[in-house]
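Notes for the structure review
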Amino acid sequence: MHSTFVLEVLSGPLDGKTWPFEDEIVIGRDETLAGACITLDRYISRRHARLRSDAGSLLLSDLDSRNGTRVNERRVRGEQRIEPGTPFQVGRTVLRVTRTP
């Protein structure tokens, strides 16, 4: 059985918007490339970042975006393990992932 997650915008143009996902989700500005499409933040790349579930953990990676992905003000390099509920930033948008019960 897969864990299901919800990606949620905490602050930014789409404040409160959510996207459910199971295994992985791409965050970006291009709806043909990203499951979580945030077109209103022009600091987000077409394919900006990816979240994926790995044995119950969450891995966040930046997809060579121009403005980077940050957790606790530090730029993500490679894949970074994050806990559900940890805020992270793409462009000028702050997001977090929660686990659905």
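Before going into details, it helps to say that this report is about the structure given with it.

Analysis parameters
Residues numbered from 1 in each chain as written. Predicted model: local features only at pLDDT ≥ 70, side-chain atom pairs only at ≥ 80, totals over all residues. Heavy atoms only, no water. Helix = DSSP H or I, 4+ residues; strand = E, 2+ residues; numbered from the N terminus. Buried < 20%, exposed > 50% of the residue type's maximum accessible area, 1.4 Å probe, protein only. Contact = heavy atoms within 4.5 Å. Areas by Shrake-Rupley, 256 points an atom, 1.4 Å probe, with all protein chains shown as cover. Lys, Arg positive; Asp, Glu negative; His and termini not counted. Charge placed at Lys NZ, Arg CZ, Asp CG, Glu CD. Core = buried A, V, L, I, M, F, W, Y, C linked by side-chain atoms within 4.5 Å. Salt bridge = Lys/Arg side-chain N within 4 Å of Asp/Glu carboxyl O. Pairing = 2+ DSSP bridges.

Time to look at the overall build of the chain. Tallying secondary structure elements over the chain gives zero helices and 11 strands in all. Ordered by position from N to C terminus, the α and β elements of the chain give β-β-β-β-β-β-β-β-β-β-β. Counting only C-alpha atoms and orienting by the principal axes, one finds that the chain spans roughly 35 × 25 × 25 Å. Within the chain, the fraction of its 101 residues that count as buried is 39%. Within the chain, counting contacts between residues at least 6 apart in sequence, those at least 24 apart form 38% of the total. As presented, the chain carries roughly 5,800 Å² of accessible surface, and 42% of it is formed by carbon and sulfur atoms. Positive and negative charge centroids in the chain, built from 16 and 14 side chains respectively, lie 6 Å apart.

Our next topic: the nonpolar core. Generally speaking, nonpolar side chains in soluble globular proteins are found buried as a group. Ranked by size, the top nonpolar core spans 21 residues in total, and within it Leu 7, Ile 27, Leu 51, Phe 88 and Leu 95 carry the most contacts. Of all elements in the fold, only β1 (5-11), β2 (18-21), β3 (24-28), β5 (49-54), β6 (57-62), β10 (88-90) and β11 (93-99) reach the threshold of two or more residues within this core. Per-element accounting of this core gives the leading share, three residues, to β1. Look past the residues within four positions of Ile 27 in its chain and what remains in contact with it is Leu 7, Ala 34, Ala 36, Ile 38, Arg 47, His 48, Ala 49, Leu 51, Phe 88, Val 90 and Leu 95.

For the structure on display, the rule yields three salt bridges. The shortest N-O distance in the salt bridge between Glu 8 and Arg 96 comes to 3.1 Å. On the criterion of sequence distance, the pair formed by Glu 8 in strand β1 and Arg 96 in strand β11 is long-range, its members being 88 residues apart. For Glu 79, the salt bridge identified is with Arg 52, shortest N-O distance 2.6 Å. You can see Glu 79 sitting in strand β9 (residues 79-82) and its partner Arg 52 sitting in strand β5, a full 27 residues away along the chain. The class for Glu 79 is partly exposed, based on a relative accessible area of 37%.

A word on the pairing of β1. Inspection of the sheet shows β1 paired to β2 by four bridges, in the antiparallel sense. Each residue of the ladder has a partner; that of Glu 8, found in β2, is Thr 18. Where β1 folds back on β2, the antiparallel hairpin that results is connected by six residues, among which Gly 12 adopts a positive phi of roughly 135 degrees. Pairing of β1 with β11 involves six bridges; the strand directions are antiparallel. Bridge pairing in β11 places Glu 8 opposite Arg 96.

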